[in-house]
Amino acid sequence: QPLIELRDVDKAYGNVTALTGVSLQVRAGAITCVLGDNGAGKSTLIKIVSGLHGHDAGSLLVDGEETRFASPREALNRGIATVYQDLAVVPLMPVWRNFFLGSEPRRGRGPLARLDVDAMRRTTRDALARLGITLRDVDQPIGTLSGGERQCVAIARAVHFGARVLVLDEPTAALGVKQSGMVLKHVATARDQGLGVVLITHNPHHAYLVGDRFVLLKRGEMAGSHARDAISLDE
Ligand code: ADP
Ligand code: ADP
């Protein structure tokens, strides 16, 4: 059973149609890529899955159960974590501190000052290592990391705090070839560890490097939906 399924979903903003009849599945241990040009409806799709927008028609199923999220927090509580392109980080704060930002209330702990800083450093290092991410130093200000490294920290953070589905909004859009490769490698590791991934991208090459399923949107409509085997380049 898919972790997430959209069935025939419509969404409009006033009289602007953003999505019509969109269907897709996100399975554990698989990367579903959503491809499309600007205006195709990719952001709208992310917002529905991550609890920022409701849909007008069709169904959103999570673990087979019809669902409508009232907030991003609800989606997160169901294990759906969205990593946006413009990451919310505090540039001058150390990596480990950014890693724990916003996590305190969920973990039911007291004031941050009373948390064990060494434990948080260690936890951050371990969470990065779990995805094979190597950082020189978790004490450096997060603003000194490359864009790709920041994406990796955000992905490791989502996994550490219990994501079952990673929704990645154009994670490589602002990155060069090497940085993109690094991020995609760690996304594939998360997939190999059993997470479901929705990878939104306008870059078909990046999608093909790691994707298992491909959904192509054109002006809010499904222009294609294929399993990887169906478009294999091998003879
Ligand atoms: P299964 O859904 O059992 O894993 P396939 O992956 O082979 O089987 O896909 C079966 C059908 O679903 C195919 O017609 C394919 O085009 C379509 N499909 C592939 N990927 C997706 C997706 N992400 N969302 C919806 N349908 C898809
Ligand atoms: P993409 O992320 O693929 O660029 P979007 O989901 O942002 O596509 O946009 C799909 C369509 O919905 C476009 O025609 C866009 O102009 C429109 N749209 C997106 N957000 C809004 C909004 N808040 N109000 C009105 N129209 C919107």
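What you see is a predicted model; the values in this text were computed from it and never measured.

Engineer: Residues and numbers for the side chain of Glu 5, please.
Structural biologist: Tracing the sequence through the fold places Glu 5 in strand 1 (residues 4-13). Separated by 3.2 Å, the side chains of Glu 5 and Arg 7 make a polar contact.

Engineer: Got a sec to walk through helix 5 (residues 117-130)? Specific residues and values, please.
Structural biologist: For helix 5, which comprises 14 residues, the first-to-last C-alpha distance of 20 Å matches the rise-based estimate of 20 Å (1.5 Å per residue) to within 8%. Every buried residue of helix 5 is listed here: Met 120, Thr 124, Ala 127 and Leu 128. Viewed along the axis of helix 5, the buried residues span an arc of 100°, placing them on a single side of the element. Turning to helix 5, the residues buried within the fold contact helix 3 (95-100) and helix 6 (147-160). Here helix 5 starts with a cap whose side-chain oxygen sits 3.0 Å from the backbone nitrogen of Asp 118, and that cap is Asp 116. Of the residues one or two after helix 5, Gly 132 is the one with positive phi, at around 75°.

Engineer: Hey, could you go over the packing of aromatic side chains for me, with residue numbers and the actual values?
Structural biologist: Applying the stated criterion across every chain yields a total of four aromatic pairs. With 5.9 Å between their ring centres and 85° between their planes, Phe 100 and Phe 161 make a pair best called edge-to-face. Within this pair, whereas Phe 100 is found in helix 3, its partner Phe 161 is found in the loop between helix 6 and strand 7 (165-169), the two being separated by 61 residues in sequence. Considered together, Phe 100 and Phe 161 belong to a single accessibility category, that of buried residues. Feature note: the residues Phe 99, Phe 100 and Phe 161 constitute an aromatic cluster, connected by ring pairs. Across the ring face of Tyr 13, the terminal group of Lys 11 is positioned such that the distance to the ring centre comes to 5.5 Å. Arg 228 extends its terminal NZ or CZ atom over the ring of Tyr 208, reaching a point 4.1 Å from the ring centre.

Engineer: Which residues make up the site of ligand 2, and what values go with them?
Structural biologist: Neighbouring residues of ligand 2: Tyr 13, Val 16, Ala 18, Asp 37, Asn 38, Gly 39, Ala 40, Gly 41, Lys 42, Ser 43 and Thr 44. In this structure, an oxygen atom belonging to ligand 2 sits 2.9 Å away from a main-chain N or O atom of Lys 42. Only strand 2 (16-26) and helix 1 (42-49) provide two or more residues apiece to the shell around ligand 2. If one sorts the elements of the shell around ligand 2 by residue count, helix 1 sits on top with three residues. Of the residues assigned to the shell around ligand 2, the class counts are four nonpolar, five polar and two charged.

Engineer: Report on the pairing of strand 3 (residues 31-35), specifying residues and quantitative values.
Structural biologist: Here strand 3 lies mainly inside the structure; five of its five residues are buried. Bridge count for strand 3 against strand 8 (residues 196-201) is five bridges, and the pairing is parallel. From the neighbouring strand, Val 34 faces strand 8, where its bridge partner is Ile 200. In terms of strand pairing, strand 3 meets strand 9 (residues 213-218) through four bridges, oriented parallel. Within strand 9, the residue paired with Thr 32 across the bridge is Arg 213.

Engineer: Outline helix 1, supporting the account with residue identities and numerical values.
Structural biologist: Turn by turn, an α-helix covers 3.6 residues, leaving residues three or four places apart pointing in a common direction. In terms of burial, helix 1 is a largely internal element, six of the eight residues being buried. Lys 42, Thr 44, Leu 45, Ile 46, Ile 48 and Val 49 are the residues of helix 1 that are buried. Of the residues flanking the end of helix 1, it is Gly 51, one or two places downstream, whose phi is positive at about 90°.

The rules behind the values
Residues numbered from 1 in each chain as written. Chains lettered and ligands numbered in written order. Predicted model: local features only at pLDDT ≥ 70, side-chain atom pairs only at ≥ 80, totals over all residues. Heavy atoms only, no water. Helix = DSSP H or I, 4+ residues; strand = E, 2+ residues; numbered from the N terminus. Polar contact = N/O pair within 3.5 Å; in protein donor to acceptor, adjacent residues only side chain to side chain. Expected span 1.5 Å × (residues − 1). Buried < 20%, exposed > 50% of the residue type's maximum accessible area, 1.4 Å probe, protein only. Arc of directions from axis to C-beta. Contact = heavy atoms within 4.5 Å. Phe/Tyr/Trp six-rings, centres within 6.5 Å; stacked < 30°, edge-to-face > 60°. Lys NZ or Arg CZ within 6 Å of the ring centre and 35° of its normal. Near = heavy atom within 4 Å. Nonpolar A, V, L, I, M, F, W, Y, C, P; charged D, E, K, R; others polar. Pairing = 2+ DSSP bridges.

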